[in-house]
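Descriptive analysis of the structure
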Amino acid sequence: MEITRAQIGDIKAIDNLLRQVLTVHHNARPDLFKSGVKKYTDEQLAGIITDDSKPIFVAKENDKVLGYAFCMFVCHRDDNILTDIKTLYIDDLCVDENARGKHIGRQLYEYVLEFAKNHGCYNVTLNV
C-alpha cells in the first residue's frame, strides 16, 4: 500500500469512489441528494488535484486507487475571535467498498496527520 498525492491519471478511480459516497448519501436522504450525478466534473477535479492548497491523497495497491482523502489548508488570518493558526481540514475521506476492513482509512488519516505536521499545521480537522 502506498499513499501519494493524487494525479490526473487517478481521476477515473476517484470518480468511482465519489459515486460510492454519493450513493450512500442518496440512499439515506433522497430528498437531499441526487442519484447518478457527479460531485465534480473532470475539469473541476483536475483543478483540485493541481491546487497545492487543496491536496488530495490516494491510497493505492498495485496501482489501483482504494481510497482518498480530500484536504484543504485553512487559515483564519486577522479573525475577530480565532487565532492565526494553520489547519489542514479533511473535507472527504473514502475507502472503496470492496477494500474495507483493511485499515486503509486509518492509514490515510495517519498520512494526513504527518503531512499536516510537516507543513506547519497546528491541527487537523475532520467534520462528520
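Right, let's walk through the structure included here. Quantities reported herein were computed from a predicted structural model and do not represent experimental measurements. (Residues numbered from 1 in each chain as written. Predicted model: local features only at pLDDT ≥ 70, side-chain atom pairs only at ≥ 80, totals over all residues. Heavy atoms only, no water.)

The secondary structure content of the protein chain amounts to 3 helices and 5 strands. Counted from the first residue to the last, the protein chain has its helices and strands arranged as β-α-α-β-β-β-α-β. For the protein chain, the spread of C-alpha atoms along the principal axes amounts to about 40 × 40 × 30 Å. The buried share among the 128 residues of the protein chain stands at 34%. Looking at the protein chain alone, contacts between residues at least 24 apart form 61% of all its contacts between residues at least 6 apart. For the protein chain, the computed accessible surface area is about 8100 Å², with 49% contributed by carbon and sulfur atoms. Side-chain charges in the protein chain split into 16 positive and 19 negative, and the spacing between the mean points of these groups amounts to 3 Å. (Helix = DSSP H or I, 4+ residues; strand = E, 2+ residues; numbered from the N terminus. Buried < 20%, exposed > 50% of the residue type's maximum accessible area, 1.4 Å probe, protein only. Contact = heavy atoms within 4.5 Å. Areas by Shrake-Rupley, 256 points an atom, 1.4 Å probe, with all protein chains shown as cover. Lys, Arg positive; Asp, Glu negative; His and termini not counted. Charge placed at Lys NZ, Arg CZ, Asp CG, Glu CD.)

Turning to the environment of S35, a few remarks are in order. Looking at the secondary structure, you find S35 in the loop between α1 (11-28) and α2 (42-49). Classification of S35 by relative accessible area gives exposed; the value is 51%.

Turning our attention to the packing of aromatic side chains. Given two aromatic rings, their pairing is described by the distance between the two centres and the angle made by the two planes. Scanning all chains against the criterion turns up 5 aromatic pairs. Ring centres of Y40 and F70 lie 5.9 Å apart, and the angle between their planes is 15°; this geometry places the pair in the stacked category. Here the residue Y40 occupies a position in the loop between α1 and α2, and F70 occupies one in strand β3 (residues 64-75), the gap between them amounting to 30 residues. Classification of Y40 by relative accessible area gives buried; the value is 15%. Among the aromatic residues, ring-to-ring pairing joins F57, F73, Y111 and F115 into one connected group. Across from the ring centre of F73, 4.8 Å away, lies the NZ or CZ of K86, which sits over that ring. (Phe/Tyr/Trp six-rings, centres within 6.5 Å; stacked < 30°, edge-to-face > 60°. Lys NZ or Arg CZ within 6 Å of the ring centre and 35° of its normal.)

Taking 1.5 Å per residue as the helical rise, helix α3 (residues 104-118) with its 15 residues ought to reach 21 Å, and the 21 Å between its terminal C-alpha atoms agrees with that figure. Buried within α3 we find I104, L108, V112, F115 and A116. Buried residues of α3, seen end-on, are gathered within an arc of 110° and therefore sit on one face of the element. With respect to the buried face of α3, the exposed residues turned more than 90 degrees away are R106, K117 and N118. If you follow the buried residues of α3, they end up packed against β1 (2-5), β2 (56-61), β3, β4 (86-95) and β5 (123-126). Downstream of α3 by a residue or two, G120 has a phi angle that is positive, lying close to 75°. (Expected span 1.5 Å × (residues − 1). Arc of directions from axis to C-beta.)

Its 18 residues give α1 an end-to-end C-alpha distance of 26 Å, which sits within 8% of 26 Å, the value for a rise of 1.5 Å per residue. Along α1, the residues that are buried comprise I11, I14, D15, L17, L18, Q20, V21 and L22. Packed against the buried residues of α1 are α2, β2, β3 and β4.

Glancing now at the pairing of β5. Strand direction decides the pairing type here: β4 and β5, joined by 4 bridges, are parallel. Residue pairing for β5: T87 is matched across the bridge by N123. You can see the chain leave β4, run along α3 and come back into β5, and the turn it takes is right-handed. (Pairing = 2+ DSSP bridges. Right-handed = clockwise from strand over helix to strand, strands pointing away.)

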